[in-house]
Amino acid sequence: DELRGRLGEVRSGASLEIEWAEDVSQALSRLNQGGIDAVLLDLDLPDSQGMASFERTYAFAPDVPIIVLTNRDDESLAVGTVQGGAQDYLVKQELAGGLLARAVRHAIERHRLLSALRSLSLIDDLTGLYNRRGFADLGEQYLKLARRTARGITVVFLDLDRFKTINDSLGHHIGDRALIKVADILRATFRRSDIIGRLGGDEFAVLALEASGESAELLVDRLRERFREFNQASRESYQLSVSVGMTRHDGDMRVRLEDLLSEADNAMYEEKRLKRRTASRQG
C-alpha cells in the first residue's frame, strides 16, 4: 500500500501512466498484451521473491526495459539484477516524480541502444529469429531460471525436409521464402516468452519453459498441425515438411544447453531416417 501511494504521487507529478499488477503472474499476463514501455519491478511479491522475480520477468519479456524497486538492504541484490540485464534500480524510500521519470526515460533509451547493438550479432538477418549465438546466450539464462524455479524445460529441434530440392528446382529466392514461412509458423505456434532460433541453414530450435498442464508432446503436436494447416491453405509451389526432435528435462537437473540440443537433434535425425526408410519401401 505504501508503494502504491508513492507511485500514485509520482504519476501525478511526472506525466507517467502507471499500471499496477499485484504479482508477477499478473504482470506477465499484462506484458503479453503488449503496449508496455518499461517495467517497475518490486523484488518482493506474493508469488515470487528476490532474483527469481527478476529472472521470470526478464525471460518472459527481454525486449522491455526493467527498473528494479528495492529496499535499502536489498542493494546488493539490486546490483545483481543490473548485472543480469536490468536497466536500473531505485530505492523505494527515495522515489520522487523527477527521479522516476528520468530513470524511466533513460532506461528506455539505453535499452533501445543496447537492443540495436545486440541485434547486430544475435539476430538472423533472413528470418528475424535469434541466430545460433543469440539462442545460446538467451538459452543459458532460461536454463538458470528453470533450475531456480524447478520447472521443466523443453527443447524442440527441427529440420526442413527436402530443402535442397526446393533451392535447386525453384531457386534460392523461393528457398529463402520457405525458411521465412517456417519462422512465421514457429512464432505463431510458440509463446512470446519462448526462445526461437535459426541455428543455420534449414535447422531451427525452440527452447520453452513448460506451462502448467501443457506437455512437451502437445507442443510438438501443435507444431505439426500448424504445418499441415499451412500446406492445406498455401498457394506456394512447394509443400513444407519438417522432421522434429524433442527432449525434456526437469528444472533441477544440471543439464547443459548443448546437451539438450544434441538430444533433440538426435531425435530429429531418427525421425528423418524413419521417413527415408518408409519412402524407400513405398518406392
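Enquirer: Sorry, what's going on with the side chain of E203 here?
Expert: Considering the arrangement of structural elements, one finds E203 in strand 8 (residues 203-209). Here E203 is buried and forms no salt bridge, its nearest opposite-charge partner R132 lying at an N-O distance of 4.3 Å. If sequence neighbours within four positions are ignored, E203 has contacts with R132, F157, L158, D159, G197, R198 and Y269.

Enquirer: Could you clarify how one ought to interpret the packing of helix 7 (residues 163-170) against helix 8 (residues 172-189) in this entry?
Expert: Each packed pair of helices is defined by two parameters, the angle between the axes and the distance between the axes. Taken N-terminus to C-terminus, the directions of helix 7 and helix 8 make an angle of 145 degrees; their axes are 6 Å apart at the nearest point. Of helix 8, the residues touching helix 7 (which contributes F163, I166, N167 and L170) are H172, H173, I174, G175 and L179. Residues that form the contact of helix 7 with helix 8 fall into these classes: 5 nonpolar, 4 polar and no charged.

Enquirer: In this structure, what is going on with the packing of aromatic side chains? I would like to understand it.
Expert: Describing an aromatic ring pair means giving the distance of the ring centres and the angle of the ring planes. Counted according to the given criterion, the structure contains 1 aromatic pair. Judged by centre distance (5.4 Å) and plane angle (20 degrees), the ring pair of F54 and Y58 falls under stacked. Of the two residues, F54 and Y58 are both situated in helix 3 (residues 51-60); the distance of 4 residues between them amounts to about one turn of the helix. For the residue pair F54 and Y58, the accessibility class agrees, reading buried in each case.

Enquirer: Help me understand the pattern of salt bridges, please; the structure alone is not making it clear to me.
Expert: A side chain of one charge can pair with a side chain of the opposite charge if their charged atoms are brought near each other. Under the definition given, this model contains 17 salt bridges. Of the charged contacts in the structure, one is a salt bridge between D161 and K272, with a shortest N-O distance of 2.7 Å. Here the residue D161 occupies a position in the loop between strand 6 (153-160) and helix 7, and K272 occupies one in helix 10 (residues 257-282), the gap between them amounting to 111 residues. What makes D161 buried here is its relative accessible area of 6%. For D184, the salt bridge identified is with R187, shortest N-O distance 3.2 Å. Here the residue D184 and the residue R187 both occupy positions in helix 8, the gap between them amounting to 3 residues, near one helical turn. Relative accessible area serves as the criterion here: at 35%, R187 is assigned to the partly exposed category. Linked by salt bridges that have partners in common, D159, D161, R224, E271, K272 and K275 make up one network.

Enquirer: Before we go on, may I ask you to explain helix 8 in this structure?
Expert: Residues spaced three or four apart along an α-helix face the same direction, because each turn holds 3.6 residues. Taking 1.5 Å of rise per residue, 18 residues should cover 26 Å, and helix 8 covers 26 Å from first to last C-alpha, within 8% of that figure. For helix 8, the secondary structure elements touched by its buried residues are strand 6, helix 7, strand 7 (195-200), strand 8 and helix 9 (216-233).

Enquirer: Help me out: how do you make sense of the confidence of the model for the protein in this one?
Expert: Close inspection of predicted coordinates is inappropriate in any region flagged by low pLDDT. Here the protein shows a mean pLDDT of 83. Residues at 70 or above account for 88%. Per-residue pLDDT, averaged within each element of the protein, yields its smallest value for helix 1 (residues 2-14) (53) and its largest for strand 7 (93).

Enquirer: Can you help me understand the sheet that holds strand 1 (residues 39-42) in this one?
Expert: Strand pairing in a sheet takes place through backbone hydrogen bonds and is either antiparallel or parallel in direction. Across the sheet, 3 strands lie side by side as 1-4-5; this open sheet has parallel pairing. At either end of the open sheet lies a strand with only one pairing partner, and these are strand 1 and strand 5 (88-91). Averaged over all neighbouring strand pairs, the angle between strand axes comes to 30 degrees, with direction disregarded. Taken together, the 4 bridges between strand 4 (residues 66-70) and strand 5 define a ladder with parallel strand orientation. Each bridged residue has a counterpart across the sheet, and for V68 the counterpart in strand 5 is Y89. Helix 4 (residues 75-83) contacts strand 4 and strand 5 of the sheet and is inclined by roughly 160 degrees relative to strand 5.

Enquirer: Explain unusual backbone geometry here, please?
Expert: Most peptide bonds take the trans configuration, and most residues that are not glycine carry a negative phi. Even without being glycine, R162 reaches a positive phi, approximately 55 degrees. Note on placement: R162 falls in the loop between strand 6 and helix 7. A relative accessible area of 55% places R162 in the exposed class.

Rules used throughout
Residues numbered from 1 in each chain as written. Predicted model: local features only at pLDDT ≥ 70, side-chain atom pairs only at ≥ 80, totals over all residues. Heavy atoms only, no water. Helix = DSSP H or I, 4+ residues; strand = E, 2+ residues; numbered from the N terminus. Buried < 20%, exposed > 50% of the residue type's maximum accessible area, 1.4 Å probe, protein only. Lys, Arg positive; Asp, Glu negative; His and termini not counted. Salt bridge = Lys/Arg side-chain N within 4 Å of Asp/Glu carboxyl O. Contact = heavy atoms within 4.5 Å. Axes fitted to C-alpha atoms, helices over the stretch in contact; angles between N-to-C directions. Nonpolar A, V, L, I, M, F, W, Y, C, P; charged D, E, K, R; others polar. Phe/Tyr/Trp six-rings, centres within 6.5 Å; stacked < 30°, edge-to-face > 60°. Expected span 1.5 Å × (residues − 1). pLDDT = per-residue confidence, 0-100. Pairing = 2+ DSSP bridges.

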